[in-house]
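The lines below spell out each chain.
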Amino acid sequence: MTLSATDTIVLADVKNETSNPVFDDALNAALRYGMEQTPYLNILGIDKVFGMLAQLNLPPTTKLTPEVARQVCLRTNSKLVISASIADAGNGFRIGLDAADCQSGKIVAGIRKDVADQNQVVHVLGLAAAQLRRELGEPAASLARFNQPLEEALSSSVEALQVGTLGYKRHIVGDFKGAITYYRAIRN
């Protein structure tokens with residue numbers, strides 16, 4: 001699938017199908033960074049997502065399931081929804097990424113990657129994001145130039161990403177003192 005420069009993409013929240021709550025929100029920031037680090041893709045800004053959630057009478061803390069993301073996608077005239085999941089797979093995990101056409105709901109690209117252990121989840125998510133970008137038509141030269149490994153750009157620690165995400169959630173609902181507590185925890 002080839003995207004035009006004006007086509008926007010909505011990112012759904014990563015669906016945690018494991019028993020480990022650390023994955024509940026931690027991978028959302030990593031996936032967003034993995035998809036936004038290239039100028040080739042036009043990811044719908046989080047501010048526009050929040051604005052559309054408000055128009056849908058949903059709070060900004062609403063989980064962006066693939067269904068909610070598709071509603072946002074349709075109402076913003078975006079092209080695709082990218083949804084992701086992490087599931088238990090034996091002693092490791094399986095990461096899945098799918099790009100679905102907003103109008104039809106049809107999957108136009110999909111990636112599945114196995115991960116040996118929790119310490120490799122962020123790295124493998126970055127590899128999957130780059131592979132999905134390639135399947136969406138990003139040229140090899142762009143991928144080579146705009147593909148910083150997620151563990152270098154953010155953190156290899158899922159726990160650190162989770163704490164940062166919890167701080168961000170406090171921030172968006174106006175609990176700045178609560179947000180600072182989480183942000184300080186990352187530094188320590």
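Structure's up top.
Thresholds, definitions, all that
- Residues numbered from 1 in each chain as written.
- Predicted model: local features only at pLDDT ≥ 70, side-chain atom pairs only at ≥ 80, totals over all residues.
- Heavy atoms only, no water.
- Helix = DSSP H or I, 4+ residues; strand = E, 2+ residues; numbered from the N terminus.
- Buried < 20%, exposed > 50% of the residue type's maximum accessible area, 1.4 Å probe, protein only.
- Contact = heavy atoms within 4.5 Å.
- Areas by Shrake-Rupley, 256 points an atom, 1.4 Å probe, with all protein chains shown as cover.
- 1 Å grid on protein atoms, 1.4 Å probe; cavity = no way out; pocket = protein on both sides within 12 Å on 5 of 7 lines; lining within 4 Å.
- Points joined across faces, edges and corners; volume = space filled by probe spheres on them.
- Nonpolar A, V, L, I, M, F, W, Y, C, P; charged D, E, K, R; others polar.
- Core = buried A, V, L, I, M, F, W, Y, C linked by side-chain atoms within 4.5 Å.
- Polar contact = N/O pair within 3.5 Å; in protein donor to acceptor, adjacent residues only side chain to side chain.

Focus: the overall build of the protein
Scanning the protein from N- to C-terminus turns up eight helices and five strands. Each helix and strand of the protein, placed in order from N terminus to C terminus, yields the pattern β-α-β-α-α-β-β-β-α-α-α-α-α. Put simply, the protein has 188 residues, and 44% of those count as buried. Long-range contacts, defined as pairs at least 24 residues apart, comprise 60% of the intrachain contacts of the protein with a sequence gap of at least 6. On the protein, roughly 9,600 Å² of surface is accessible, and the fraction owed to carbon and sulfur atoms is 51%.

With respect to the layout of surface pockets
To find leftover empty space, one rolls a probe the size of a water molecule over the atoms. Taken as a whole, the second largest pocket encloses approximately 160 Å³ of empty space. Taken together, 13 residues line the second largest pocket, and the ones lying closest to its centre are Lys 15, Pro 66, Ser 83, Ala 84 and Ser 85. Those elements giving two or more residues to the lining of the second largest pocket turn out to be β1 (8–17), α3 (66–75), β3 (80–89) and β4 (92–101). When the residues that make up the lining of the second largest pocket are grouped by side-chain class, the tally is three nonpolar, four polar and six charged.

Overview of the nonpolar core
Core analysis: the largest hydrophobic core is formed by 30 residues, its most contacted members being Met 35, Leu 97 and Leu 132. Every element with two or more residues in this core is listed here: β1, α1 (23–36), β3, β4, β5 (107–115) and α4 (121–135). Per-element tally for this core: the top contributor is α4, with six residues. With 14 residues, the next largest nonpolar core counts Val 10, Leu 44, Val 49 and Val 72 among its residues.

Looking at the side chain of Asp 98
Tracing the backbone shows Asp 98 in strand β4. Here Asp 98 falls in the buried class, since its relative accessible area comes to 18%. Among the polar contacts made by the side chain of Asp 98, one reaches the side chain of Arg 112 at a distance of 3.0 Å. In this structure, Asp 98 is in contact with Val 81, Ile 82, Ser 83, Ile 107, Ala 109, Gly 110 and Arg 112, ignoring residues within four places of it in sequence.

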